[in-house]
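# A look at the structure
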Amino acid sequence: MGIRFVLMVNKQGQTRLAQYYEYLNLEERRALEGEIVRKCLARNEQQCSFVEHRNYKVVYRRYASLFFLVGVDNEENELAILEFIHLLVETMDRHFGNVCELDIMFHLEKAHFMLEEMVMNGCIVETSKSNILAPIQLMDKA
């Protein structure tokens with residue numbers, strides 16, 4: 001399947017965006033997020049951006065005050081997922097102009113929409129920034 005979940009978390013460990021591509025009930029999600037966020041935020045800059053947790057491989061990257069965490073299958077390519085995270089941030093930067101935590105909080109539906117344009121059922125389906133942003137720009141005009 002590929003991508004299992006995408007999380008955006010601030011430096012305090014508060015989840016700002018969560019998108020799951022497999023079913024987990026609310027308690028499982030809360031526990032998983034707590035464990036992964038604690039594990040990733042405790043690591044320093046010199047450590048690699050990949051962590052194995054349960055049956056997931058978690059690839060993460062910090063941009064300003066936000067951590068972008070992507071849970072994938074164990075056989076998924078870590079560097080490809082790092083590129084996906086970078087593409088997501090660049091796309092949000094293009095729309096919001098230097099994306100920050102407040103942009104995600106106040107425009108959560110747009111952030112989810114961008115993610116939904118890029119990933120479908122755990123598979124990356126779109127990588128063109130202009131194609132991802134075109135429907136959002138149409139909605140903004142209306």
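Keep in mind that what you see is a predicted model, and the values were worked out from it rather than measured.

## Quick look at the environment of Tyr20
Structurally, Tyr20 is set in strand β2 (residues 15-20). Judged by relative accessible area, which is 11%, Tyr20 ranks as buried. Sequence separation between Tyr20 and Val58 is 38 residues; the distance between their C-alpha atoms is 13 Å. Ignoring anything within four residues of it in the chain, the contact list for Tyr20 reads Arg4, Phe5, Leu7, Arg29, Leu32 and Glu33.

## A few points about the state of the cysteines
All told, the structure shown has zero disulfides when counted by the stated rule. Free cysteine Cys40: the closest other cysteine sulfur is in Cys48, separated by 10 Å.

## Details of the UniProt feature "domain: AP complex mu/sigma subunit" (unreviewed entry) in the protein
As recorded in UniProt, the feature "domain: AP complex mu/sigma subunit" (unreviewed entry) lies at residues 3-141. Helix and strand shares over residues 3-141 are 47% and 27% respectively, and the end C-alpha atoms of the span are 32 Å apart.

## Notes on the packing of helix α2 (residues 78-96) against helix α4 (residues 108-118)
Following both chains from N to C, one finds α2 and α4 inclined at 135°, their axes separated by 11 Å at the closest point. When the axis of α2 is compared with that of α4, the two are oblique. Considering only the axes of α2 and α4, their crossing is right-handed. Only Lys110, Ala111, Met114, Leu115 and Met118 of α4 make contact with α2, whose side of the interface consists of Phe84, Leu87, Leu88, Thr91, Met92, His95 and Phe96. Of the residues that constitute the contact of α2 with α4, the class distribution is nine nonpolar, two polar and one charged.

## Section: the pairing of strand β4 (residues 56-63)
With six of its eight residues buried, β4 lies for the most part within the structure. Where strand β3 (residues 50-53) folds back onto β4 in an antiparallel hairpin, the turn is made up of two residues, including Arg54, whose phi is positive at roughly 50°. Between β4 and strand β5 (residues 66-72), which follow one another and run antiparallel, lie two residues, and Ala64 among them has a positive phi close to 55°.

## Some words on the sheet that holds strand β1 (residues 3-10)
Spatial ordering of the open sheet is given by β2-β1-β5-β4-β3, a layout of five strands whose pairing is antiparallel. With one partner strand each, in any of the chains shown, β2 and β3 form the two edges of the open sheet. Here the strands of the sheet are splayed against their neighbours by 20° on average, with no regard to which way each runs. The sheet contact formed by β4 and β5 spans seven bridges and is antiparallel. Residue pairing for β5: Tyr63 is matched across the bridge by Leu66. Its contacts with the sheet place helix α1 (residues 26-41) against β1, β2, β3, β4 and β5, and it is angled at close to 140° to β3. Strand contacts of α4: β1 and β2, with the helix running at about 35° to β2, the strand carrying the most contacts.

## Observations regarding unusual backbone geometry
Leaving glycine aside, a negative phi is the common case for residues, and trans is the common case for peptide bonds. Positive phi, normally seen in glycine, also occurs at Asn98, with a value near 55°. When you line up the elements, Asn98 lands in the loop between α2 and α3 (101-106). Backbone geometry places Asn121, a non-glycine residue, at a positive phi of 55°. Tracing the backbone shows Asn121 in the loop between β6 (119-120) and β7 (123-124). Since its relative accessible area comes to 57%, Asn121 is described here as exposed.

Calculation notes
Residues numbered from 1 in each chain as written. Predicted model: local features only at pLDDT ≥ 70, side-chain atom pairs only at ≥ 80, totals over all residues. Heavy atoms only, no water. Helix = DSSP H or I, 4+ residues; strand = E, 2+ residues; numbered from the N terminus. Buried < 20%, exposed > 50% of the residue type's maximum accessible area, 1.4 Å probe, protein only. Contact = heavy atoms within 4.5 Å. Disulfide = S-S within 2.5 Å. UniProt positions renumbered as here; feature names shortened; annotations may be inferred. Axes fitted to C-alpha atoms, helices over the stretch in contact; angles between N-to-C directions. Parallel < 35°, antiparallel > 145°, perpendicular 65-115°, else oblique. Left-handed = near helix turned anticlockwise from the far one by under 90°. Nonpolar A, V, L, I, M, F, W, Y, C, P; charged D, E, K, R; others polar. Pairing = 2+ DSSP bridges.

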